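Topology and contacts: notes
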Amino acid sequence: MKMLNVAILILVLFYPSLSTKWPTHPVCKENDLEIYYKSCDPVQDFALSIDGCSNILMNTFNIRAATVLRHNIKELSIKVNLILNGKSILEYSQKLCEPNGRRFIFCGKKKGEHIYYEGPVTLGIHEIPQGEYTVSVMLYNEDHLTIACADFTIKKK
C-alpha cells in the first residue's frame, strides 16, 4: 500500500513536467475573425483576454494579461514574428523595460510575484488580410530567460 502511495505521489509531482503541450485558448471569435493562443513556454501557461475581435482593428484596444514570474524583470524585451506557411516573414522587437525607465507597472518585478496588466495596446493595424497566420510573441528578460511566450493563430475569412 505504501509503495502505491509513493508511486501516485511521484506521478503527481512529475507528470506536469512530462507534458509540454498547453491547451489552445480562444481570444475572440466574431463574424469573420478568429484568434486563438497557446503558450509556447514548456513550463508555464498564462491568461489573456481582450474586449472583442472588432476592437483589434481600432487604433487602440484593451487587454488583460496575467502570469506568475519565474524570473526577475530588470529589463524586458518583446519579440514578435509573423509566420506564414512555416516561414517568418516579418520580425519586430522592442525593449519594454529598462533599468532606469519604468514604462509599465510590471517593470522591476521579482521572481514569484504575480503580474497583471490591464490596459491599452496599440498595434497600428487597420485591416487583417484574408487567410490564416501565426504570430509568435516572446517576452524575455535581460538574461534572455523567457517571461512569457505564445503562438497566436489568426483566421480571417
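What counts, and where the lines are drawn
- Residues numbered from 1 in each chain as written.
- Predicted model: local features only at pLDDT ≥ 70, side-chain atom pairs only at ≥ 80, totals over all residues.
- Heavy atoms only, no water.
- Helix = DSSP H or I, 4+ residues; strand = E, 2+ residues; numbered from the N terminus.
- Buried < 20%, exposed > 50% of the residue type's maximum accessible area, 1.4 Å probe, protein only.
- Contact = heavy atoms within 4.5 Å.
- Core = buried A, V, L, I, M, F, W, Y, C linked by side-chain atoms within 4.5 Å.
- Polar contact = N/O pair within 3.5 Å; in protein donor to acceptor, adjacent residues only side chain to side chain.

With an unreviewed UniProt entry as reference, the chain is termed Lymphocyte antigen 86, source organism Gopherus evgoodei.

**Focus: the environment of L123**
With respect to the helices and strands, L123 occurs in the loop between strand 7 (114-122) and strand 8 (131-141). What makes L123 partly exposed here is its relative accessible area of 46%. As a C-alpha pair, L123 and L57 span 66 residues in sequence and 8.4 Å in three-dimensional space. If we skip the residues at most four places from it in the chain, L123 touches I56, N59 and F61.

**Re the nonpolar core**
With 31 residues, the main nonpolar core has V27, I35, L48 and F152 as its most contacted residues. For this core, the element with the highest residue contribution is strand 9 (residues 146-156), accounting for four residues.

**Points about the side chain of S136**
Within the secondary structure, S136 sits in strand 8. Side chain to side chain, S136 and D151 meet in a polar contact 3.1 Å long. When neighbours within four sequence positions are excluded, S136 is seen to be in contact with K79, V80, N81, I83, A150 and D151.

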